[in-house]
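One letter stands for each residue in the lines below.
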Amino acid sequence: MPDTTTDPARERLRRWRLVLGGDTADGTGCALSGQDAAMDGALAALYGTGDGPRADRDRSAGLGASAPSVARWLGDIRTYFPSSVVQVMQRDAIDRLGLATLLLEPEVLGAVEADVHLVGTLLSLDKAMPETTKQTARAVVRRVVEDLEERLATRTRATLTGALDRSARVNRPRHHDIDWNRTIAANLKHYLPEHRTVVPERLVGYGRASRSVKKEVVLCVDQSGSMAASVVYASVFGAVLASMRSIDTRLVVFDTAVVDLTDRLDDPVDVLFGTRLGGGTDINRALAYCQARITRPAETVVVLISDLYEGGIRDEMLKRVAAMKASGVRFVTLLALSDEGAPAYDREHAAALAALGAPAFACTPDLFPEVMAAAIEKRPLPIPDAEWGADPGR
């Protein structure tokens, strides 16, 4: 890239020229050359409007429908832009230029910058994918899944192991297992003012939950097209939870049908290729399936991951949630499990669930371990924003 650090005014013009695209009316009067011109060409292929000549070239959306040209363009943008920008440009190319079908070409697929959104696109294309591409697609998905596991697994296991131990209270603990905060609270009536101390008559301690299965977790995941990123993260977290001996994990995905993927949890890639992104939504049917498989309600956490756009029977869905809560189930609704910001969701259904004491809120992957720990310990959930209209103490 040209060295313009000695001329701040020209640097500003150069940047504006790259942003505006070189229309004769852009007002910069700045010509590009070398790497700047190549970078402008990569941007032009995606964001050019094709509505008139440029100062130094005709600029239009020029990726075309050719796998080789797309593969070259993908290589170019990875050369000129950082990974975070590349991922945004790839998503824009898929949306603006209809390039989803070109991802069925191994040459194109091997050149992309893999991320959660790309995995969602590949899963939606799975049924149309030729056999020559499926192996490459699985390799791309596995690379993303392994990166997510590396980032999320250790912290999740550590957080939940602590929560499981704290939730397994015992009344005759060994010294190093005493929960002093709860012990003091339970013995305040035995406070001796003259000695300024509490004489504990009853000790409260931590158990060791890891010795046997103590909790059951049901992840009930909406696989409609808008939930693609949430499906990816839920599959990874499901595999992590299933690897913990103290948690009996079930993973159920649904649209208008219900699919139990619990037997695939040892490999989240198999889980993902067992989903079917798109279609309608029948939350009531999915919850009915999950409810029928709960054996120990007081030790069970049900996590519904859905934007709550229900296509089934709304009143039955709410009655089912109320019945599960009345039986002792801890019920949590995540409107999204992703880093995509505030999701679109059915506010009426979210408010109705909140009125039942079933919190409904969006959750990032980094927050998810804390949410699960709070649910396991039956303490208030770390709801990130009061906007979701739920009572975190319920």
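Residues numbered from 1 in each chain as written. Predicted model: local features only at pLDDT ≥ 70, side-chain atom pairs only at ≥ 80, totals over all residues. Heavy atoms only, no water.

A word on the environment of Phe254. Take Phe254: it is sitting in strand β6 (residues 247-254). With a relative accessible area of 0%, Phe254 lands in the buried category. Put simply, Phe254 and Gly280 are 26 residues apart on the chain and 9.0 Å apart in space, counted from C-alpha to C-alpha. Once residues within four sequence positions are removed from consideration, Phe254 is found in contact with Cys220, Val221, Asp222, Gln223, Ser224, Thr281, Asp282, Ile283, Ala286, Leu304 and Ser306. (Helix = DSSP H or I, 4+ residues; strand = E, 2+ residues; numbered from the N terminus. Buried < 20%, exposed > 50% of the residue type's maximum accessible area, 1.4 Å probe, protein only. Contact = heavy atoms within 4.5 Å.)

A few words now on the sheet that holds strand β8 (residues 300-305). One open sheet holds the six strands; their spatial order is β7-β6-β5-β8-β9-β10, and the pairing between them is mixed. Edge positions in the sheet fall to β7 (258-260) and β10 (360-363), since each has one partner strand and no second. Going across the sheet, the axis of each strand differs from the next one's by a mean of 25 degrees, ignoring polarity. Sheet strands in contact with helix α11 (residues 283-292) are β5 (215-222), β6, β7, β8 and β9 (330-337), and its direction is about 155 degrees off that of β6. (Pairing = 2+ DSSP bridges. Axes fitted to C-alpha atoms, helices over the stretch in contact; angles between N-to-C directions.)

Turning next to the packing of aromatic side chains. Enumeration according to the criterion identifies two aromatic pairs in this entry. Their ring planes at 90 degrees and their centres at 6.5 Å tell us that Tyr80 and Phe81 sit as a pair that is edge-to-face. For Phe81, a relative accessible area of 15% gives the class buried. With 4.5 Å between their ring centres and 40 degrees between their planes, Phe237 and Phe368 make a pair best called tilted. Of this pair, Phe237 sits in helix α9 (residues 228-242) while Phe368 is found in helix α14 (residues 368-377), placing the two residues 131 residues apart along the sequence. For Phe237, a relative accessible area of 1% puts it in the buried group. With relative accessibility at 1%, the residue Phe368 sits in the buried group. Seen from the ring of Tyr289, Arg293 lies directly overhead, with NZ or CZ sitting 3.5 Å from the centre. (Phe/Tyr/Trp six-rings, centres within 6.5 Å; stacked < 30°, edge-to-face > 60°. Lys NZ or Arg CZ within 6 Å of the ring centre and 35° of its normal.)

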